[in-house]
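Letter by letter, the chains look like this.
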Amino acid sequence: MPRFFFHLRGDGQNFEDAIGSEFESVQHAEMAALRAASYMLEEAKEPAPLEDRYFEITDRQGACQCVVPLSSIILAKAS
């Protein structure tokens, strides 16, 4: 099963995922990133500091497979 890494980027900070997680496909990894972003926003006292951040999902070789902006979750929750 492919391993994907969820790097949190933006706002001048980079948090590297050195372990990664296995998913059947990049679509499954993207869904997991959306759930993680939603959880992060629920736990944040103020979502504004998170709106410029995003998950960059990479494969084992470090190639970007998908980008999940946290702002997309903020906008979805506002609608």
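The structure under discussion appears in the preceding block.
Calculation notes
Each chain carries its own residue numbering, running from 1 in the direction its sequence is written. Local features are withheld for residues below a pLDDT of 70 in this predicted model, meaning they are given only at 70 or higher, and side-chain atom pairs are given and counted only at 80 or more; totals for whole chains, interfaces and linings count all residues. Values shown for side chains rest on all heavy atoms present in the structure; no hydrogens or waters enter the calculation. Joining through side-chain atoms within 4.5 Å is the link that ties buried Ala, Val, Leu, Ile, Met, Phe, Trp, Tyr and Cys residues into a set, and such a set is a nonpolar core. Summary of the burial criterion: residues with accessible area below 20% of their type's maximum are buried, those above 50% are exposed, and those between are partly exposed, where the area comes from a 1.4 Å probe applied to protein chains only. Secondary structure elements follow DSSP: runs of H or I of four or more residues count as helices, runs of E of two or more count as strands, with numbering from the N terminus. Here a residue-residue contact requires only that any non-hydrogen atoms of the pair lie within 4.5 Å. Expected span, for any helix, means 1.5 Å times one less than how many residues it has. Here the aromatic set is Phe, Tyr and Trp, taking the six-membered ring for Trp, and pairing holds for ring centres within 6.5 Å; pairs whose planes are under 30 degrees apart are stacked, those over 60 apart are edge-to-face, and all others are tilted.

### Thoughts on the nonpolar core
Then step 1. Among the nonpolar cores identified, the biggest contains 16 residues, and Phe6, Phe55 and Ile57 are the most heavily contacted of them.
Then step 2. Every element with two or more residues in this core is listed here: strand E1 (3–10), helix H1 (26–43), strand E4 (54–58), strand E5 (64–69) and helix H2 (70–78).
Then step 3. Among the elements that take part in this core, H1 stands out by supplying five residues, more than any other.
Then step 4. If we ignore the near neighbours within four places in the chain, the residues touching Phe6 are Phe15, Asp17, Phe23, Ala29, Ala32, Ala33, Phe55, Glu56 and Ile57.

### A look at H1
Then step 1. The end-to-end C-alpha separation of H1 is 26 Å, in line with the 26 Å expected for 18 residues at 1.5 Å each.
Then step 2. Every buried residue of H1 is listed here: Ala29, Ala32, Ala33, Ala37, Ser38 and Leu41.

### Notes on the packing of aromatic side chains
Then step 1. Summed over the entire model, instances satisfying the criterion amount to two aromatic pairs.
Then step 2. Ring geometry for Phe6 against Phe23: centres 5.8 Å apart, planes inclined by 55 degrees, an arrangement best described as tilted. Of this pair, Phe6 sits in strand E1 while Phe23 sits in the loop between strand E3 (21–22) and H1, and the two are 17 residues apart along the sequence. Each of the two residues, Phe6 as well as Phe23, counts as buried.
Then step 3. Pairing Phe6 with Phe55 gives two aromatic rings, centres 6.2 Å apart and planes at 80 degrees, and the pair type is edge-to-face. With Phe6 in strand E1 and Phe55 in strand E4, this pair connects stretches of sequence that are 49 residues apart. As far as burial versus exposure is concerned, Phe6 and Phe55 are alike and both buried.
Then step 4. Here the aromatic cluster, defined as three or more aromatic residues joined through ring pairs, consists of Phe6, Phe23 and Phe55.

Read these as layout, nothing more, since geometry by itself doesn't imply function.
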